[in-house]
Amino acid sequence: TFSMVLKSQYIFDNEIGELIDFYTGMRPYLIELESNKKWKQDEIIKSLDTTINYLNFKYVSRINKDKGYRIGLSFTLRELMFIRLISAFEVFLIDTIKEIYRVDKIPFKDKRKKIDFFYSELLSYDSISELRTKLINKEIRGLSSGGYKKIQLFYKNRFDINLSV
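Every value quoted in this text rests on a predicted model; they were computed, and no experiment measured them. (Residues numbered from 1 in each chain as written. Predicted model: local features only at pLDDT ≥ 70, side-chain atom pairs only at ≥ 80, totals over all residues. Heavy atoms only, no water.)

Residues Phe 82, Leu 85 and Ile 86 make up a contiguous nonpolar surface patch of about 260 Å² in total accessible area. Relative to the assigned elements, Ile 86 resides in helix 3 (residues 69-103). (Patch = residues over 30% accessible without salt bridge, like charges linked within 9 Å, V, L, I, M, F, W, Y side chains within 5 Å. Areas by Shrake-Rupley, 256 points an atom, 1.4 Å probe, with all protein chains shown as cover. Salt bridge = Lys/Arg side-chain N within 4 Å of Asp/Glu carboxyl O. Helix = DSSP H or I, 4+ residues; strand = E, 2+ residues; numbered from the N terminus.)

With that out of the way, let us pick up helix 5 (residues 128-159). In this model, helix 5 (32 residues) spans only 24 Å end to end at C-alpha, well below the 46 Å of a helix rising 1.5 Å per residue. Within helix 5, the full set of buried residues consists of Leu 131, Ile 136, Glu 139, Ile 140, Leu 143, Ile 151, Gln 152, Phe 154, Tyr 155, Arg 158 and Phe 159. Directly beyond the C-terminal end of helix 5, a positive phi value near 55 degrees is found at Asp 160. (Expected span 1.5 Å × (residues − 1). Buried < 20%, exposed > 50% of the residue type's maximum accessible area, 1.4 Å probe, protein only.)

Our focus in this paragraph is unusual backbone geometry. Although it is not a glycine, Asp 160 sits at a positive phi angle of roughly 55 degrees. If you trace the backbone, Asp 160 turns up in the segment after helix 5. Its relative accessible area of 57% is what places Asp 160 among the exposed residues.

Estimated volume of the largest pocket: approximately 750 Å³. Lining the largest pocket we find 21 residues, and of these Phe 108, Asp 110, Lys 113, Glu 139 and Arg 158 sit closest to its centre. Residue contributions to the lining of the largest pocket peak at twelve residues, all from helix 5. For the lining of the largest pocket, the class distribution of residues is nine nonpolar, two polar and ten charged. (1 Å grid on protein atoms, 1.4 Å probe; cavity = no way out; pocket = protein on both sides within 12 Å on 5 of 7 lines; lining within 4 Å. Points joined across faces, edges and corners; volume = space filled by probe spheres on them. Nonpolar A, V, L, I, M, F, W, Y, C, P; charged D, E, K, R; others polar.)

To continue, consider the packing of aromatic side chains. Evaluated as defined, the whole model comprises nine aromatic pairs. Summarising the aromatic geometry, the rings of Phe 89 and Phe 92 are spaced 6.3 Å apart at their centres and angled 25 degrees between planes, so their arrangement reads as stacked. One end of the pair, Phe 89, and the other, Phe 92, are both in helix 3, three residues apart, so they sit about a helical turn from each other. The interplanar angle of 85 degrees and the centroid separation of 5.0 Å between the aromatic rings of Tyr 101 and Phe 108 together place this pair among those described as edge-to-face. Using a relative accessible area of 11% as the deciding quantity, one classes Tyr 101 as buried. Taking NZ or CZ as reference, Lys 105 lies 4.7 Å from the ring centre of Tyr 101, over its face. Across from the ring centre of Phe 117, 5.0 Å away, lies the NZ or CZ of Lys 138, which sits over that ring. (Phe/Tyr/Trp six-rings, centres within 6.5 Å; stacked < 30°, edge-to-face > 60°. Lys NZ or Arg CZ within 6 Å of the ring centre and 35° of its normal.)

As structure tokens, this is what we get:
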């Protein structure tokens, strides 16, 4: 059987691999920090308090100063990795749309959608291919700035794929 790996899938797989490598590499340091062998918790909290006072904003971190910095650091690292994972997934979904567009234009033919171009802009394109690239990039830009809900709706409407969790 023939299996084709899309560029978007390849990039997404690499991103996941990097996150796993990062977490695997950081884990021994987190364990050491959480056991309080390397750093002194009081010094970290004092430094954190000094920074917050200097910047003059309320303490908004999920790190509970009473319970200690040690527990919060591990949580924050996992939280940041999760956010990066979600971002990588959104990029994957958008890049996949571009790859589908290169292969098949039919899902993108929408009789209800109207676009406006200036005459001068249309004449500036050297080929239909350039114009098509401009059209898909305009569509993609709206999805990128619209967040996951907008991407989810696009997949449902154009490809009949439900990305609901």
